[in-house]
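Overview (structure and organization)
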Amino acid sequence: MISVVNLSLVFNSFLRINSIEYKSTKVGFENFPTTPLNFRQNLTSSLTRSVRINSSRMSAIKTCGEIHSDGSSYDSNGSVRCHEKGRRFGNIVWHKCSVEKIDRQELLQQKGCVIWITGLSGSGKSTLACALTRALHSRGKLTYILDGDNVRHGLNSDLTFKPEDRAENIRRIREVAKLFSDAGVICIASVISPYRKDRDACRSILPDGDFIEVFMDMPLHVCEARDPKGLYKLARAGKIEGFTGVDDPYEPPLNAEITIQMEGEVCSPPEVMAEKVISYLDAKEYLQA
Ligand SMILES: Nc1ncnc2c1ncn2[C@@H]1O[C@H](COP(=O)(O)OS(=O)(=O)O)[C@@H](OP(=O)(O)O)[C@H]1O
Ligand SMILES: Nc1ncnc2c1ncn2[C@@H]1O[C@H](COP(=O)(O)OP(=O)(O)O)[C@@H](O)[C@H]1O
């Protein structure tokens, strides 16, 4: 017992010396069981966990650079992110809580991220999003879909398809997606998102690796032949102005993490496409805490 308590004292002194704002309560010391054996086991595992968590937090805090509007910041490469209590942006001060993303991820046994599915209308974005969510759900993983059509029924119902409104549409969706991924959820955004700079802006607000761009690289003639909502027909007839791929641009990704294409004239079933994304998530360890 004594040696474990001594270890705790040394550990806390070490943190004070390093000027890191830290209290033992932040890593679960507040719930000590009462028996000596459980007490020691809990303290030891709390220490092990706190060393693991705080070594990454400490390196993040040491390398903090520019402070962003939400109180987060990045190092000079834009890759390390942290929040520091009390950092001010105008009159808004970031409020930090001791339960953080890492804790939520541990609870969910997965890593929060954003799978951003982009492509022309009719390219299969919603179909893939649905197949992916089904496959992940059956593996016990928590997902949420932000579908362009659906979000435009509520949060973005005030927006049109003019370029500035499309940009605002994507800005709101990326902020919501960021919140979901911070919650530890695998967030799937399926939106045309035709402009590269809007998609890149989403990449830039997320921690390295957490933005996974999936490009539905389907030829326009295939999408147009599908035309499930009859919108291409209306656009060709001049009844819809500024339709993506017809008289509004689509800028394909330059470095998408995953590209979905037809093989010759054949389009893989949605479940096969979903497996491709799941293999990527598995390889990058997003399906574990
Ligand atoms: N002018 C124009 N251009 C493109 N798409 C149009 C347009 N007008 C309506 N729709 C329907 O809106 C859906 C796309 O919404 P998004 O929010 O994904 O678009 S965007 O990212 O803001 O460009 C899109 O849904 P999907 O077919 O699922 O992509 C269309 O059904
Ligand atoms: N992998 C696929 N193989 C065959 N048809 C598909 C596939 N994915 C989507 N479709 C069909 O294409 C149409 C458009 O798909 P959808 O997911 O609504 O596209 P988007 O969301 O990009 O507009 C739908 O009729 C859908 O059934």
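First, a word on what this report is: a plain description of the structure on this page. Source: prediction; values computed, not measured. (Residues numbered from 1 in each chain as written. Chains lettered and ligands numbered in written order. Predicted model: local features only at pLDDT ≥ 70, side-chain atom pairs only at ≥ 80, totals over all residues. Heavy atoms only, no water.)

Here we come to the site of ligand 2. The environment of ligand 2 is formed by 14 residues, the closest being Gly122, Lys125, Ser126, Thr127 and Ser268. For ligand 2, an oxygen atom lies 3.4 Å from a polar atom in the side chain of Arg226. Within the backbone of Ser268, a nitrogen or oxygen atom sits 2.8 Å from a nitrogen atom of ligand 2. Against a free-state accessible area of 560 Å², the protein chains account for coverage of 72% of ligand 2. Of all elements in the fold, only α4 (125-138) and α10 (270-283) reach the threshold of two or more residues within the shell around ligand 2. Among the elements that line the shell around ligand 2, the one with the most residues is α4, at 3 residues. Residues belonging to the shell around ligand 2 are distributed by class as follows: 5 nonpolar, 7 polar and 2 charged. (Near = heavy atom within 4 Å. Polar contact = N/O pair within 3.5 Å; in protein donor to acceptor, adjacent residues only side chain to side chain. Areas by Shrake-Rupley, 256 points an atom, 1.4 Å probe, with all protein chains shown as cover. Helix = DSSP H or I, 4+ residues; strand = E, 2+ residues; numbered from the N terminus. Nonpolar A, V, L, I, M, F, W, Y, C, P; charged D, E, K, R; others polar.)

We now examine the packing of α4 against α10. Here α4 crosses α10 at 60 degrees, and the two axes come no closer than 8 Å. With respect to their mutual orientation, α4 and α10 come out oblique. Judged by the twist between their axes, the crossing of α4 over α10 is right-handed. Taken together, the residues of α10 that come into contact with α4 (itself represented by Thr127, Leu128, Ala131, Leu132, Arg134, Ala135 and Leu136) are Pro270, Glu271, Met273, Ala274, Val277, Ile278 and Leu281. Among the residues forming the contact of α4 with α10, the class breakdown is 11 nonpolar, 1 polar and 2 charged. (Axes fitted to C-alpha atoms, helices over the stretch in contact; angles between N-to-C directions. Parallel < 35°, antiparallel > 145°, perpendicular 65-115°, else oblique. Left-handed = near helix turned anticlockwise from the far one by under 90°. Contact = heavy atoms within 4.5 Å.)

What the rule picks out here adds up to 16 salt bridges. In this structure, Arg199 engages Glu213 in a salt bridge whose closest nitrogen and oxygen atoms are separated by 2.8 Å. A residue pair is termed long-range when its members are at least 10 positions apart, and Arg199 in helix α7 (residues 196-205) and Glu213 in strand β8 (residues 211-216) qualify at 14 residues. For the pair formed by Arg199 and Glu213, the shared burial category is buried. Among the charged side chains, a network of salt bridges with common partners joins Asp158, Glu168, Arg171 and Arg172. (Salt bridge = Lys/Arg side-chain N within 4 Å of Asp/Glu carboxyl O. Buried < 20%, exposed > 50% of the residue type's maximum accessible area, 1.4 Å probe, protein only.)

Our next topic: the site of ligand 1. Neighbouring ligand 1 are 21 residues; Ser121, Arg152, Arg166, Asn169 and Ser193 lie closest to it. A distance of 2.8 Å separates an oxygen atom of ligand 1 from a polar atom in the backbone of Ser193. The separation between a nitrogen atom of ligand 1 and a polar main-chain atom of Thr244 is 3.4 Å. Contact with the protein chains removes 92% of the 630 Å² of surface that ligand 1 exposes when unbound. Secondary-structure elements contributing two or more residues to the shell around ligand 1 are α5 (148-151) and α6 (163-182). If you tally residues by element for the shell around ligand 1, the top one is α6, at 3 residues.

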